[in-house]
Each structure stands twice: as C-alpha cells, then as structure tokens.
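Now for the letters of each chain:
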4 protein chains.
Amino acid sequence: MPEDDYGTWSPGRVEELSDGVIAIAITLLVLEIGIPTIEETSSDHELWSRLRDLWPSYVGFLISFITIALFWMIHHRLFHRLNRVNHQLIVANMALLIVVVFLPFPTAVLAEHLNHDGERAATIFYSGCLLVGVMIFSFLWHVAKDENGHLLKESVSRVEIAILDRRIRRSVVLYGVAFALSFLIPLLCLALLAALCVYYLLAPHALPKTQ
Amino acid sequence: MPEDDYGTWSPGRVEELSDGVIAIAITLLVLEIGIPTIEETSSDHELWSRLRDLWPSYVGFLISFITIALFWMIHHRLFHRLNRVNHQLIVANMALLIVVVFLPFPTAVLAEHLNHDGERAATIFYSGCLLVGVMIFSFLWHVAKDENGHLLKESVSRVEIAILDRRIRRSVVLYGVAFALSFLIPLLCLALLAALCVYYLLAPHALPKTQ
Amino acid sequence: MPEDDYGTWSPGRVEELSDGVIAIAITLLVLEIGIPTIEETSSDHELWSRLRDLWPSYVGFLISFITIALFWMIHHRLFHRLNRVNHQLIVANMALLIVVVFLPFPTAVLAEHLNHDGERAATIFYSGCLLVGVMIFSFLWHVAKDENGHLLKESVSRVEIAILDRRIRRSVVLYGVAFALSFLIPLLCLALLAALCVYYLLAPHALPKTQ
Amino acid sequence: MPEDDYGTWSPGRVEELSDGVIAIAITLLVLEIGIPTIEETSSDHELWSRLRDLWPSYVGFLISFITIALFWMIHHRLFHRLNRVNHQLIVANMALLIVVVFLPFPTAVLAEHLNHDGERAATIFYSGCLLVGVMIFSFLWHVAKDENGHLLKESVSRVEIAILDRRIRRSVVLYGVAFALSFLIPLLCLALLAALCVYYLLAPHALPKTQ
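Residues numbered from 1 in each chain as written. Chains lettered and ligands numbered in written order. Predicted model: local features only at pLDDT ≥ 70, side-chain atom pairs only at ≥ 80, totals over all residues.

With that settled, consider the overall build of chain A. Along the backbone of chain A there are eight helices and zero strands. Along the first, second and third principal axes, the C-alpha atoms of chain A reach 70 × 35 × 25 Å. Within chain A, the fraction of its 211 residues that count as buried is 47%. (Helix = DSSP H or I, 4+ residues; strand = E, 2+ residues; numbered from the N terminus. Buried ≥ 20, exposed ≤ 12 C-beta atoms within 10 Å, placed from the backbone.)

Between two packed helices, both the angle of their axes relative to each other and the distance between the axes serve to describe the pair. Residue and element names in this part refer to chain B. Contact geometry of helix α7 (residues 158-184) with helix α8 (residues 186-202) gives a least axis separation of 7 Å together with a crossing angle of 160°. Taken together, the axis directions place α7 and α8 in an arrangement best described as roughly antiparallel. Of the two possible hands of crossing, α7 and α8 adopt the one that is left-handed. For the pair formed by α7 and α8, the contact residues are L174, V177, A178, L181 and S182 on the first element and P186, L188, C189, L192, L193 and L196 on the second. Here the residues of the contact of α7 with α8 sort into 10 nonpolar, one polar and no charged. (Axes fitted to C-alpha atoms, helices over the stretch in contact; angles between N-to-C directions. Parallel < 35°, antiparallel > 145°, perpendicular 65-115°, else oblique. Left-handed = near helix turned anticlockwise from the far one by under 90°. Contact = placed C-beta atoms within 7 Å. Nonpolar A, V, L, I, M, F, W, Y, C, P; charged D, E, K, R; others polar.)

Turning to the interface of chain A and chain D, a few remarks are in order. Listed as interface residues are 32 residues of chain A and, on the opposing side, 31 residues of chain D. Residue assignment for the side of chain A that touches chain D shows that the elements contributing at least two residues are α1 (11-28), α4 (87-102), α5 (104-113) and α6 (119-145) of chain A. For the side of chain A that touches chain D, the per-class residue count stands at 21 nonpolar, seven polar and four charged.

Our next topic: the relation of the copies chain A and chain D. Look at the two chain copies: a rotation about an axis and a shift along it is all it takes to match them. Mapping chain A onto chain D leaves a residual RMSD of 0.0 Å; the transformation is a rotation of 90° accompanied by 0.0 Å of translation along its axis. A rotation of that kind, with that shift, is consistent with a four-fold axis. Proximity to the rotation axis, assessed at the C-alpha, singles out I24 of chain A in chain A; its C-alpha lies 4.7 Å from the axis. Counting the interface residues of chain A, we find that no more than 9% of their copies in chain D are interface residues as well, pointing to two distinct contact surfaces. (Least-squares fit on C-alpha atoms with pLDDT ≥ 70 in both.)

Next up on the list: the environment of N115 of chain D. Residue and element names in this part refer to chain D. Here N115 lies in the loop between α5 (104-113) and α6 (119-145). On the neighbour-count criterion, N115 (14 C-beta atoms within 10 Å) is partly exposed. The sequence separation of N115 and D53 amounts to 62 residues, and the corresponding C-alpha distance is 9.6 Å.

Moving on: the environment of N93 of chain B. All names here are of chain B. Tracing the backbone shows N93 in helix α4 (residues 87-102). Of the residues examined, N93 has 24 C-beta atoms within 10 Å and is grouped as buried. Along the chain, N93 and E112 lie 19 residues apart, while their C-alpha atoms are 30 Å from each other. Ignoring any residue separated from it by four or fewer positions in sequence, one finds N93 in contact with V14, S18 and L140.

Ranked by size, the top nonpolar core spans 271 residues in total, and within it V100 of chain A, V100 of chain B, V100 of chain C together with V100 of chain D carry the most contacts. Setting aside anything within four residues of it in sequence, one finds V100 of chain D in contact with V21, I22, A25, I68, F71 and G133 of chain D. (Core = buried A, V, L, I, M, F, W, Y, C linked by C-beta atoms within 7 Å.)

This next bit is on the interface of chain C and chain D. On the side of chain D, 32 residues touch chain C, which itself brings 31 residues to the contact. Within the residue set of the side of chain C that touches chain D, elements represented by two or more residues are α1 (11-28), α2 (44-53) and α3 (55-79) of chain C. Here the residues of the side of chain C that touches chain D are counted per class, giving 16 nonpolar, 10 polar and five charged.

For chain A and chain C, which are not in contact, the least C-alpha distance works out to 9 Å. No interface is formed between chain B and chain D, the nearest pair of C-alpha atoms being 9 Å apart.

All names here are of chain B. Axis separation between helix α3 (residues 55-79) and α8 bottoms out at 10 Å; the angle between their running directions is 40°. Here α3 is positioned oblique relative to α8, judged by the angle of their axes. The interaxial crossing formed by α3 with α8 has left-handed handedness. Here V59, I63, I66, T67 and L70 of α3 come into contact with α8, specifically with L190, L193, A194, C197, Y200 and L201. Its residues assigned to classes, the contact of α3 with α8 shows 10 nonpolar, one polar and no charged.

What follows concerns helix α7 (residues 158-184) of chain D. All names here are of chain D. Between its first and last C-alpha, α7 extends 40 Å over 27 residues, near the 39 Å set by a 1.5 Å rise per residue. Along α7, the residues classified as buried are L164, I168, S171, Y175, A178, F179, L181 and S182. Where the residues of α7 are buried, they touch α6 and α8 (186-202). (Expected span 1.5 Å × (residues − 1).)

With that settled, consider the confidence of the model for chain A. Do not read the fine detail of predicted coordinates wherever pLDDT is low. Residues and elements named next belong to chain A. Summarising the model, chain A shows a mean pLDDT of 85, and 91% of its residues fall at 70 or more. Averaged pLDDT values for the elements of chain A fall to 83 in α1 and rise to 94 in α6. A low-confidence stretch, residues 1-7 (pLDDT under 50), is modelled with 14 contacts involving residues beyond four sequence positions or located in other chains. Interface confidence in the predicted complex, given as ipTM, is 0.83; pTM for the same model is 0.86. (pLDDT = per-residue confidence, 0-100.)

Moving on, we come to the environment of D53 of chain B. Tracing the backbone shows D53 of chain B in helix α2 (residues 44-53). Separated by 130 residues in sequence, D53 of chain B and F183 of chain B place their C-alpha atoms 24 Å apart.

Structure representation (structure tokens):
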C-alpha cells in the first residue's frame with residue numbers, strides 16, 4: 001500500500017465536493033424566508049406592508065448569499081495554488097463546509113429577530129458564525145502554506161505568500177471588528193458586514209489573487 | 001503575480017457553478033406547495049377539491065420552472081460564446097444567480113395569494129422579480145459584448161451580435177409589458193408569462209442561437 | 001450562424017443537468033416526512049408508536065426514491081444511445097424533469113392520507129403522476145428513435161430498437177394497470193408499484209440495456 | 001446487444017451521482033433545526049437561552065454531518081479500488097444512498113427528543129440507522145471484493161484486502177456497540193458516536209487507505 005494516504009485526492013476533487021456543498025447551501029437560504037399567508041393579509045395593501053416588513057429576511061439573505069459566494073471565490077483561489085492536499089487540509093476544509101452549511105440557521109435567526117428585542121443576541125450569533133468561518137479560512141491557509149506539507153505549487157512565490165498572509169489577516173480583523181460591534185450597536189455591525197460584501201465584490205484585488 | 005486576476009476562471013467553471021445553483025433552485029420550487037393535511041380533508045371528495053384549489057401553486061410552479069429552465073438555456077448559449085470572463089461578468093452572473101435563487105419566494109407568495117385579495121400585489125412582486133432577472137441577463141450580455149473586455153470568442157460575428165442584441169432587447173420589452181399588465185389585470189399578466197414560456201419552448205429560434 | 005441550433009448541446013451535457021436535478025429531487029423526499037414533536041409524545045413508548053404510525057411516509061419515501069432511481073438508470077441508458085439531441089428531445093426531457101421534481105408533492109400527499117379517508121384520492125393522484133412520468137419517457141424514446149431526427153447512434157441495431165420498444169410499451173401498460181387499480185383497491189395499487197420497484201431492481205434485463 | 005449490461009457504467013459515473021446525493025443530504029441537515037420565533041423570545045436573554053436549549057440539534061447536526069462526510073471519504077476510497085461495477089454493486093450502492101438520504105429524519109427526531117422523555121427511543125432509532133448504513137457499507141465491500149465479480153482492480157493485493165476486511169468488520173462492531181448502548185444509556189451511545197467521528201477524522205489510517 002502506498003505511504004501517502006492522499007495520493008489520489010487531488011485538490012480538484014475536494015474542490016468539486018466543496019463547490020457542490022456551497023452551491024446547495026447558498027440555494028437553501030431562500031427557504032428560511034417566511035411566506036405571508038392569506039390569513040395574515042386580506043388586501044393588496046396588507047400584503048405589500050407584510051412584504052416590506054420582511055426586510056430583515058432580505059438583508060440576511062443578501063449578506064449570507066454574497067458572503068458564501070465570496071467564500072467560494074476565495075476557496076477557489078486558494079485551491080488553485082495547491083499541488084496536493086493532506087489529511088489536515090481535508091479536515092480544515094470540512095470544518096469550513098460545516099460552517100457554510102450551518103449559515104442558513106443563524107441567517108434565519110437574524111431575519112426573525114432583527115428589529116425586535118432579541119436583535120443584539122441574533123446579530124452576535126450571526127456575526128460570530130461569519131467570524132468563525134473567516135478564522136477557519138485563515139487556518140486552512142496556514143495548513144496550505146506550511147513548508148513541511150509541500151502543498152503549495154512551486155510557482156507560488158514568497159512575495160505572493162506574504163501578500164496573501166496580509167490580506168487574510170486583514171479580513172480576520174475586519175470580521176472581528178464586525179463581531180465586536182454586534183455587542184454594542186447591532187445595526188452598525190450589519191452595515192459593516194454589508195459594506196465588506198460590496199467592497200470585496202467591487203475590489204477583487206483585495207482578495208487573494210488567482211494564480 | 002499575474003496581472004489578469006481571472007486567468008484561471010474559465011467560462012466553463014463559472015457555468016458549472018451556475019448550473020448547480022440553477023438545478024437546485026428549480027428543484028426547491030416544489031417545497032413551497034402546501035400539502036393538504038388530514039385535518040382539512042375528511043374524504044376523497046374533499047382531498048380532490050383541496051388538490052384542485054391548489055391550482056395557483058401549480059401555475060406558479062410551472063411558470064417558474066420553465067422560466068428558470070429558459071434562463072438556463074440562454075445562460076448556456078451566452079457562455080458558449082465567451083472566450084474568457086472578467087470580474088464584472090462574474091459579479092453580473094452572481095446578481096443573476098441571486099434572482100434565480102430568490103425566485104421560489106415570490107413564486108410561493110404568488111401561489112398563496114392568487115385568487116385572493118392580495119392577488120395584484122403578489123403578481124406585481126412576482127412579475128417584477130422575473131423582469132429584474134431578464135434585465136440582469138441583458139446587463140450580462142452587455143458586459144460580455146463590450147469590446148474593451150475582449151470576452152467574446154473571435155468567431156462571433158457582428159451580424160450575430162446584432163441579432164442577439166435585438167432578441168435580448170425584445171425579451172426585456174416583453175417581460176416589461178407583463179410587469180405593467182400586473183398592475184392592471186393580474187391574470188392577464190400571468191397568461192402572458194405562460195405564453196412566453198410556451199413561445200420560447202416551441203420557437204427555439206427566438207432564443208439566442210447556440211454557437 | 002450555424003444552422004443546427006443544437007450543435008453544442010451534446011447528450012452528455014443534457015444528461016449532466018438531468019443528473020443534478022434527479023439527485024436533488026431524490027434527496028428532497030425526506031423533508032416531507034413529518035417529525036414527531038415532544039408535544040405529541042411524552043414517553044419512549046409514545047415515540048415508538050408515532051414512528052410506527054409514520055409507515056405510510058416510509059412507504060411513499062421508498063417507492064418514490066426507487067422509482068426516481070430507476071428513471072435515472074433508464075434515462076442514462078437512453079442517453080447513451082444518442083449521438084446528438086434536438087430541440088424536441090430537450091423539451092421532452094424538460095417535461096420529464098418537471099414530473100420528477102414534482103414527485104415529492106404527490107409523495108407527501110400520499111404519506112399524509114394513506115390509511116385515512118382520502119386514501120383513494122391520494123393513491124390515484126400519486127400513481128397518476130408516476131404514469132405520466134412513464135408516458136413522457138415513452139414519448140422521449142419515440143423522439144429519440146425517430147428516423148428523421150438521426151439522433152440515435154448508428155451502432156444501435158433495428159433488433160435493439162424493437163426490444164426497447166417492447167420493454168417501454170410494457171412498462172407503460174404496467175404503470176397504467178397500477179393507476180387503474182388505484183380507483184378500485186388503493187393498497188393493491190401500491191403493492192404493485194412496490195413490486196415493480198423490486199422487479200426492475202433485481203431484473204436489470206427488463207430495463208433497456210446499456211449499450 | 002452486448003452481454004455485459006454495465007459496460008458503460010464506469011465506477012466514476014456511479015461515484016459522481018453518489019457524490020451529488022451525499023452533498024445534498026449533508027446540506028439538508030440544517031433545515032431540521034427549528035428557528036426560535038419572536039413569539040417565544042422577548043429579549044436577548046431569552047433568545048440566548050433558546051439557542052442554548054437547541055444543543056441537541058447542534059449535536060445531531062454535527063454527528064450526522066461528520067458521519068456522512070466519513071461515509072463519503074470511505075465511499076471514495078472503495079470506488080477508487082474498482083475497475084468496473086455490476087448490477088449487485090449498483091443495488092448495494094443505492095441501498096446506501098437511501099440510508100444517507102434518510103438520515104436527516106432520524107437526526108431531527110433525535111434533536112427533538114434528546115433531553116426529553118422519548119430520548120431512549122430517539123437514540124435507538126438514530127444509532128440503528130447509522131448501524132444499518134455501516135452494515136450496507138460492509139455488504140458493498142463484500143460485493144466489491146467477490147472474486148467472481150472481478151470488480152477490484154488487479155493492483156489491489158490480498159494483504160490490502162485483508163486489512164480492509166478487518167477495518168470494515170471493526171467499524172461494524174463499533175457501531176453495533178453504540179447501538180447496544182442506546183438501549184441502556186442513550187447519552188453514552190451519543191458520546192461513543194461522537195468519539196468515533198473524532199477518531200476517524202484524526203486517525204485516517206483507521207479508514208481504508210486510498211489506493
């Protein structure tokens with residue numbers, strides 16, 4: 001039997017499964033938006049106001065959708081730098097997938113309690129889950145770049161690694177700030193999370209570059 | 001580091017993720033059809049009448065299913081004309097996926113309120129979401145054909161681009177008319193949307209051609 | 001522009017999307033099984049009896065799962081005989097996918113009403129949906145084998161086509177008999193549907209052969 | 001017509017469908033976690049305590065997620081040793097997928113009844129489903145290694161087969177012990193299942209090796 005237990009686990013294969021799981025998690029988000037029933041709304045006017053009252057659900061849906069999509073883009077970029085994977089990386093990747101798959105739950109909790117009394121708790125819970133996701137990403141990167149693992153492609157230069165280090169550290173700090181804000185002013189925390197979505201979408205250079 | 005941030009983002013890869021997301025969104029539609037419970041129906045006769053009363057759900061399910069399937073076919077045809085993708089196109093594609101993933105929600109709202117007092121609001125909301133989807137498609141096409149982006153394959157001729165322009169503009173107009181109708185006569189709006197489904201299914205030449 | 005609108009729609013690609021949709025529909029079936037709540041069950045004994053009372057859900061889950069899986073196997077075998085696809089075949093395939101995606105709904109209706117007063121109506125509805133699915137399969141095969149379409153690979157012999165004809169016609173008859181039985185003795189209809197599952201699973205030669 | 005009915009069913013293709021189904025089942029687990037409503041919780045404090053009370057849901061989610069992920073890893077390793085598949089293997093694989101797809105249901109039952117009176121029944125049901133899954137894996141392996149089937153690649157040595165035999169037998173015993181424990185001390189059963197997750201994640205050498 002070969003010594004290397006992961007000889008046939010190409011980065012591409014792990015990436016494919018991750019893609020599948022991410023695509024499904026991103027799609028399930030919509031199921032958590034509650035549908036206004038005919039019992040609650042007896043006119044066009046009431047339905048419009050009910051649909052308007054659902055804005056926290058739309059906010060949660062959008063932030064979670066874009067954040068997971070960004071995770072997907074960063075995931076793709078990290079994996080394109082890999083030559084091979086090892087067990088530690090697979091476990092880190094699984095931890096990341098657990099957070100991604102779990103996200104529809106804190107999103108629904110946020111949507112239900114935003115603008116109500118449990119708003120602070122829901123925002124702490126939600127931004128905390130996002131922070132955990134970003135931290136696992138950071139861990140994944142540390143496993144990937146570890147010199148003893150020889151996982152990175154040889155073509156990835158030291159300069160590039162340093163840039164990635166800085167960018168990933170910065171995103172941990174930014175999501176950490178959002179998490180801290182959730183304890184003080186929940187809406188400001190969400191505004192920051194939304195701003196991060198817009199920023200990373202419009203400024204691709206702030207993300208780790210594709211190789 | 002390479003200058004082109006999207007060197008490895010082949011159109012095929014973006015298409016694959018889009019395919020996955022579209023396949024899931026199309027399948028989730030059925031979950032929004034409410035199941036008649038044994039409490040509501042105490043005989044075969046009552047169950048039949050309950051199943052008949054669910055016709056708005058079937059209508060919504062069918063229009064949304066076919067519309068998303070048409071989106072998928074057009075998406076496939078646009079992407080087959082691409083040589084490479086850029087960040088702007090990826091963002092436009094993500095906006096399109098957000099609308100597709102969101103569609104089960106307006107579909108469920110429509111199914112719940114069709115034939116009831118909130119019918120007009122629900123139809124406006126539903127046809128408005130479809131119009132937004134078609135408009136994002138139009139935007140995606142404009143990003144794709146932009147000469148500075150050099151995204152289109154060289155084999156795509158000016159004549160072909162002009163034909164596509166005309167077809168995509170026409171579909172924006174048609175879905176715009178359906179949206180306008182929803183304010184006046186909601187059922188006529190739905191009849192038009194259903195007619196568009198049948199038309200595009202049976203007349204493939206009205207869609208952008210495959211290359 | 002090329003004349004053949006489907007030059008790039010290889011059978012493989014249509015098959016991939018179908019595989020995705022089928023995999024998702026098969027997985028969603030479990031969501032329709034109602035979970036016994038702690039309000040209903042205050043002891044181990046009550047939970048066991050509640051889990052036992054859910055047998056119609058398990059029956060529906062199993063028959064639908066295996067039937068969709070069989071559809072998938074037959075679908076795979078038909079598509080492996082194709083050289084290319086045309087628009088008519090894509091529309092037929094989409095009709096088939098609509099039925100597959102819709103199946104969790106009649107399955108849930110059956111599970112809810114089996115062993116209650118609406119049993120007959122639910123069984124008619126359920127077996128009717130399966131029959132429609134089988135009939136669309138039959139239509140798909142007729143489109144595929146149509147000589148003017150030149151869709152079949154040249155290697156498919158006349159003898160083979162005749163065998164497939166007979167097998168597909170027989171399955172339409174068998175599901176038609178099950179549908180007719182549902183009007184008379186619903187449980188016998190389900191027994192026949194279950195027997196068909198077992199038969200096709202254990203006797204692969206009754207299915208169209210792989211090429 | 002060729003004699004071998006499965007000539008074109010490469011292991012890769014069956015693996016792909018299985019991957020899709022497993023990815024979806026793993027993602028659906030989150031939908032079974034009940035979302036605390038604003039009616040139940042009128043303050044941050046109450047929401048926190050409600051989120052804390054949901055710990056059985058988190059435990060169920062985690063154990064099921066990791067167990068399905070392990071199934072996926074073992075599945076991958078078995079299929080990489082296969083040269084071809086036969087009908088018996090496809091049926092065994094389908095039986096495995098049925099269990100995987102069904103798992104969100106016992107997981108939800110466990111989450112609902114853990115820490116309540118139906119705890120024992122729910123744990124027996126849950127660990128029983130896992131045991132059935134492991135036993136089907138064992139059966140799958142026996143079909144795969146059967147000498148008359150010639151399914152294994154020639155490169156798989158007798159020593160390797162013996163090691164796999166031992167490992168798979170041991171996992172059946174371990175999940176059997178967990179099942180037996182569920183009748184006596186449900187929480188100990190769950191602790192063992194969680195320990196098995198951690199053990200297999202951290203000790204990849206206990207799993208069948210990749211070839």
